Amino acid sequence: MNPIDPKQGRSSAPSIPKDPTSLVLWALAVCALVVLLAWSVLLNLYRILERNHLAGVGVEVLLVLVGLLPLLLLVPVWRGLRNAGQARAALAVKDLITTRVKATEAREWAQYAIGYGAAVLLVFLSVQFLLANDGAVGSTFFRLELIRDSFGLVLGAFWKNVWMFCVAEVLILVWGLVIAVARMIPGRAGQPIRFLATVYTDAFRGLPTIISIYLIALGLPLANVPVVRDWRPEWLAILALTMSYGAYVAEVYRAGLDSIHPSQWSAARSLGLSFSQTLRFVIIPQAVRRIIPPLLNDFIALQKDTALVNVVGVIDGFNQAKIIASNKFNLSAVTTVAILFMIITIPQTRLVDRLLEQEKRRTRG
Amino acid sequence: MSFLEIRDVHKRYGELEVLKGINLKVEQHQVVCLIGASGCGKSTLLRCINGLEAISGGEIRLEGDRITGPGVDLDRLRRKVGIVFQSFNLFPHMTVLQNVTLAPIQVLGIPRAEAEARAMELLRRIGLEAKAKAYPDQLSGGQQQRVAIARALAMDPQLLLLDEITSALDPELVSEVLNLLRELAAEGMTMLLATHEMSFAREVASKVCFLYQGVVHEEGPPEQIFGDPQQERTRAFLSKIIEAGRL
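Residues numbered from 1 in each chain as written. Chains lettered and ligands numbered in written order. Predicted model: local features only at pLDDT ≥ 70, side-chain atom pairs only at ≥ 80, totals over all residues. Heavy atoms only, no water.

1. Overview of the overall build of chain B
Then, in step 1: Of the regular secondary structure elements, chain B holds nine helices and ten strands.
Then, in step 2: Taken along its principal axes, the extent of the C-alpha atoms in chain B is 55 × 45 × 35 Å.
Then, in step 3: The buried share of chain B, reckoned over its 247 residues, is 56%.
Then, in step 4: For chain B, the computed accessible surface area is about 10,700 Å², with 46% contributed by carbon and sulfur atoms.
Then, in step 5: One way to put it: in chain B the 28 positive side-chain charges average out to a point 3 Å from where the 32 negative ones average out. (Helix = DSSP H or I, 4+ residues; strand = E, 2+ residues; numbered from the N terminus. Buried < 20%, exposed > 50% of the residue type's maximum accessible area, 1.4 Å probe, protein only. Areas by Shrake-Rupley, 256 points an atom, 1.4 Å probe, with all protein chains shown as cover. Lys, Arg positive; Asp, Glu negative; His and termini not counted. Charge placed at Lys NZ, Arg CZ, Asp CG, Glu CD.)

2. Section: the packing of helix H5 (residues 144–182) of chain A against helix H6 (residues 191–206) of chain A
All names here are of chain A.
Then, in step 1: Viewed as axis vectors pointing N to C, H5 and H6 meet at an angle of 130 degrees, and their least axial separation amounts to 8 Å. Classed by the angle they form, the pair H5 and H6 counts as oblique. Of H6, the residues touching H5 (which contributes Trp175, Ile179 and Ala182) are Ile193, Arg194, Ala197, Tyr200 and Thr201.
Then, in step 2: When the residues that make up the contact of H5 with H6 are grouped by side-chain class, the tally is six nonpolar, one polar and one charged. (Axes fitted to C-alpha atoms, helices over the stretch in contact; angles between N-to-C directions. Parallel < 35°, antiparallel > 145°, perpendicular 65-115°, else oblique. Contact = heavy atoms within 4.5 Å. Nonpolar A, V, L, I, M, F, W, Y, C, P; charged D, E, K, R; others polar.)

3. Quick notes on the UniProt feature "transmembrane region" (unreviewed entry) in chain A
All names here are of chain A.
Then, in step 1: UniProt annotation of "transmembrane region" (unreviewed entry) refers to residues 21–42, 54–78, 109–131, 162–182, 203–223, 235–253 and 329–346 when read in the numbering used here.
Then, in step 2: End C-alpha atoms of residues 21–42 are separated by 32 Å, and the span's content is 100% helix alongside 0% strand.
Then, in step 3: Helix makes up 100% of residues 109–131 and strand 0%, and the two end C-alpha atoms of the span are 33 Å apart. (UniProt positions renumbered as here; feature names shortened; annotations may be inferred.)

4. Observations regarding the domain arrangement of chain A
Then, in step 1: Partitioning chain A into domains gives domain 1 (21–134) and domain 2 (147–364).
Then, in step 2: One C-alpha centre belongs to domain 1 of chain A, the other to domain 2 of chain A, and the line joining them spans 46 Å. (Domains from an automatic or database assignment.)

5. As for the packing of aromatic side chains
All names here are of chain A.
Then, in step 1: For the structure on display, the rule yields ten aromatic pairs over all chains.
Then, in step 2: Both rings, one in Trp109 and one in Tyr112, keep their centres 5.5 Å apart while their planes meet at 80 degrees; by these two values the pair is edge-to-face. Separated by three residues within a single helix, Trp109 and Tyr112 lie in helix H4 (residues 96–141), roughly one turn from each other.
Then, in step 3: Judged by relative accessible area, which is 24%, Trp109 ranks as partly exposed.
Then, in step 4: Taking relative accessible area as the criterion, Tyr112 reaches 41% and is therefore assigned partly exposed.
Then, in step 5: Plain terms: the ring middles of Trp175 and Tyr200 are 5.7 Å apart, the flat faces sit at 75 degrees to each other, and that makes the pair edge-to-face. In this pair, Trp175 is assigned in helix H5 and Tyr200 in helix H6, connecting sequence segments 25 residues apart.
Then, in step 6: Three or more aromatic residues joined by ring pairs make a cluster, and in this case those are Trp109, Tyr112 and Tyr116. (Phe/Tyr/Trp six-rings, centres within 6.5 Å; stacked < 30°, edge-to-face > 60°.)

6. Section: the sheet that holds strand E3 (residues 31–35) of chain B
Within a beta sheet, neighbouring strands are joined by backbone hydrogen bonds and run either parallel or antiparallel to one another.
Residues and elements named next belong to chain B.
Then, in step 1: Read from one edge to the other, the open sheet built from six strands follows the order E6-E7-E8-E3-E9-E10, with strand pairing classed as mixed. In this open sheet, the two strands that pair with only one neighbour each are strand E6 (81–84) and strand E10 (215–220). Each adjacent strand pair in this sheet contributes to an overall mean axis angle of 20 degrees, direction not counted.
Then, in step 2: Sitting on the sheet, helix H9 (residues 232–243) is in contact with E3, strand E9 (207–212) and E10, with an inclination near 95 degrees to E9. (Pairing = 2+ DSSP bridges.)

7. Structural notes on the sheet that holds strand E1 (residues 4–13) of chain B
Residue and element names in this part refer to chain B.
Then, in step 1: Strand order in this open sheet of four strands is E2-E1-E4-E5, and the pairing throughout is antiparallel. Edge positions in the sheet fall to strand E2 (16–26) and strand E5 (65–66), since each has one partner strand and no second.
Then, in step 2: Pairing of E1 with strand E4 (residues 57–62) involves five bridges; the strand directions are antiparallel. What sits directly across from Glu5, in E4, is Arg61.

8. Section: the nonpolar core
Then, in step 1: Membership of the largest hydrophobic core comes to 96 residues, with the highest contact counts inside it found for Leu4, Ile6, Ile22, Leu34, Ile49, Ile60 and Leu192 of chain B.
Then, in step 2: Considering each element in turn, this core owes the most residues, twelve residues, to helix H8 (residues 233–259) of chain A.
Then, in step 3: The contact partners of Leu34 of chain B, leaving out residues within four places of it in the chain, are Leu24, Lys42, Leu45, Leu46, Leu192, Leu193, Ala194, Thr195, Cys209 and Leu211 of chain B.
Then, in step 4: Ranked by size, the runner-up nonpolar core spans 51 residues in total, among them Ile35, Phe88, Leu123 and Ile149 of chain B. (Core = buried A, V, L, I, M, F, W, Y, C linked by side-chain atoms within 4.5 Å.)

9. A few points about the interface of chain B and chain A
Then, in step 1: Across the boundary between the two partners, chain B contributes 21 residues, which contact 17 residues of chain A.
Then, in step 2: Across the chain B/chain A interface, buried area totals approximately 1,600 Å², and carbon plus sulfur atoms make up 62% of it.
Then, in step 3: At the boundary of chain B and chain A, one finds one salt bridge.
Then, in step 4: Of the charged contacts, one joins Arg269 of chain A and Asp75 of chain B as a salt bridge, the two residues approaching to 3.7 Å between their closest N and O atoms.
Then, in step 5: Viewed at the interface, chain A and chain B are joined by five residue pairs in polar contact (both at pLDDT 80 or more).
Then, in step 6: Taken together, the elements giving at least two residues each to the side of chain B that touches chain A come down to helix H2 (74–80), E6, helix H3 (96–106) and helix H5 (141–153) of chain B.
Then, in step 7: Of all the elements, H3 of chain B adds the most residues to the side of chain B that touches chain A, at three residues. (Buried area = accessible area lost by both parts, 1.4 Å probe. Salt bridge = Lys/Arg side-chain N within 4 Å of Asp/Glu carboxyl O. Polar contact = N/O pair within 3.5 Å; in protein donor to acceptor, adjacent residues only side chain to side chain.)

10. A few points about unusual backbone geometry
All names here are of chain B.
Then, in step 1: Although it is not a glycine, His29 adopts a positive phi angle of roughly 70 degrees.
Then, in step 2: When you line up the elements, His29 lands in the loop between E2 and E3.
Then, in step 3: Since its relative accessible area comes to 54%, His29 is described here as exposed.
Then, in step 4: At Asp156, a position not held by glycine, the phi torsion is positive, near 55 degrees.
Then, in step 5: Tracing the backbone through its elements, the reader meets Asp156 in the loop between H5 and strand E7 (159–163).
Then, in step 6: Judged by relative accessible area, Asp156 falls into the exposed class, the value being 54%.

11. Notes on the UniProt feature "domain: ABC transporter" (unreviewed entry) in chain B
Then, in step 1: Per the UniProt record, the feature "domain: ABC transporter" (unreviewed entry) sits at residues 4–238 of chain B.
Then, in step 2: The distance from the first to the last C-alpha atom of residues 4–238 of chain B is 27 Å, and the span holds 38% helix and 26% strand.

12. Focus on the confidence of the model for chain B
Then, in step 1: Residue-level pLDDT values for chain B average 92, and 100% of them are 70 or greater.
Then, in step 2: Mean pLDDT in chain B bottoms out at H2 of chain B, which sits at 88, and peaks at H3 of chain B, which reaches 96. (pLDDT = per-residue confidence, 0-100.)

Now the structure itself:
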């Protein structure tokens with residue numbers, strides 16, 4: 001290999017960076033547009049409030065304050081402009097290092113301004129959507145006095161959802177494990193059991209939950225099935241949810257049990273532990289830790305699917321809200337129940353993310 | 001009648017025949033070392049002896065009793081034959097003490113207090129008494145492997161199988177594990193070990209067996225195998241080991 005000639009091999013002078021000015025000007029244009037749009041939305045909002053006799057000094061001050069917020073976008077734009085100016089000045093005196101540093105900073109500020117500008121734009125556009133049709137969209141979903149008046153009733157009915165998913169989750173935890181273990185039973189004797197368990201999981205994972213609720217909660221009493229026909233529809237719905245989600249959770253368990261390294265089986269069996277002792281003391285305790293995040297995901301889905309029980313006439317939060325909605329010809333009560341669902345599920349979603357992050361750190365470290 | 005007798009044992013995985021007629025005898029209180037290149041069947045043979053793998057032909061007898069084939073109570077066999085693995089395989093969700101007491105409590109039905117007292121004695125012996133409440137991932141590899149040995153010993157096995165138990169250890173941790181094996185050998189524990197630690201084999205083995213392509217190619221006392229190997233393959237294998245500075 002020939003030695004690299006330092007004079008020819010590579011240029012020792014730093015390359016001249018691109019001028020950031022045009023990007024910064026773009027950022028300025030975007031931000032100015034966002035500010036103007038925000039103001040027009042706020043003006044629109046003020047007119048609607050005025051027409052509904054909701055305007056007052058407090059509201060005006062609030063709107064002005066909100067109107068000032070988008071102006072903060074001009075701060076990064078200003079910094080971008082300043083850095084771009086400094087970059088040009090440094091280039092004029094051939095100070096390439098400073099040029100590069102300042103140009104980079106200018107570009108970063110401009111990108112920052114555009115990013116935040118886009119976010120502010122989206123927020124005000126969604127406000128504008130609610131105000132559309134003279135505020136008809138907003139009042140359809142968010143009629144405050146209706147939300148206030150119906151809140152107690154909806155919340156009361158929503159407890160039925162909470163109660164149903166709590167009971168169902170306990171049952172599903174047990175039932176899912178039973179199915180998962182049934183699918184793992186070894187040997188020729190276990191074959192029919194494995195087959196049945198597979199048929200069950202395939203069937204219920206293929207069946208839409210709403211249909212299984214409909215078939216079980218309406219069908220079993222209709223068919224006069226003993227014992228079950230006397231159950232209240234809530235319990236039949238819980239049974240349907242357990243059957244449906246039990247299939248999903250069984251798969252989660254199975255994936256968890258499968259994920260334990262075979263060497264753990266070898267170690268346990270070599271000590272004389274039986275198949276079931278190995279499962280109970282060695283495999284399941286380790287698997288459960290790993291499946292908590294996917295299990296919680298399934299439970300979040302289950303909690304939302306408790307709203308499906310309205311198809312068999314159970315008065316849950318959603319059904320109650322629907323009744324109010326059709327009486328008042330306005331969906332605000334349904335908004336209430338939607339928000340209630342989000343309030344209980346969002347913390348769990350965050351928790352799942354945290355657990356997954358922890359797991360990732362643990363397995364990496 | 002030997003303590004452990006392996007007669008013409010074959011093991012196939014589908015098309016691949018790993019063991020092609022192994023014959024081997026181990027007497028009580030002997031330390032028998034299996035040496036040979038990776039993939040020659042050492043680990044497979046050990047796993048067959050305590051029933052973790054079913055053999056495809058031949059038979060294995062322990063104290064004259066057939067321990068392979070249909071009708072064998074493997075759980076009962078495994079109480080007599082302990083195994084220690086290359087990768088330790090401790091139960092990560094249990095403390096050291098729980099690792100050691102699980103089988104005595106659940107399999108032998110020993111009361112917890114008694115099992116724990118015995119386990120503490122074992123841990124004292126391996127110098128890890130202070131780590132009884134620690135979890136495996138808080139221990140070094142050498143410490144984990146010593147715990148794994150203690151876990152096997154807690155079942156009071158008559159035969160201990162050791163599957164390359166120092167191969168996964170950092171070099172400076174190997175000696176603490178080998179020292180423990182020396183003590184066990186001195187106490188008369190019957191051991192069958194697959195190993196790459198040739199000087200250790202030379203020092204403690206009653207008999208060394210060189211496995212080559214699924215059969216015992218040459219066996220004999222360590223002085224003979226290491227000092228005056230009769231077979232060409234054995235010489236070739238050992239000269240490579242010497243080249244690598246391992247003997």
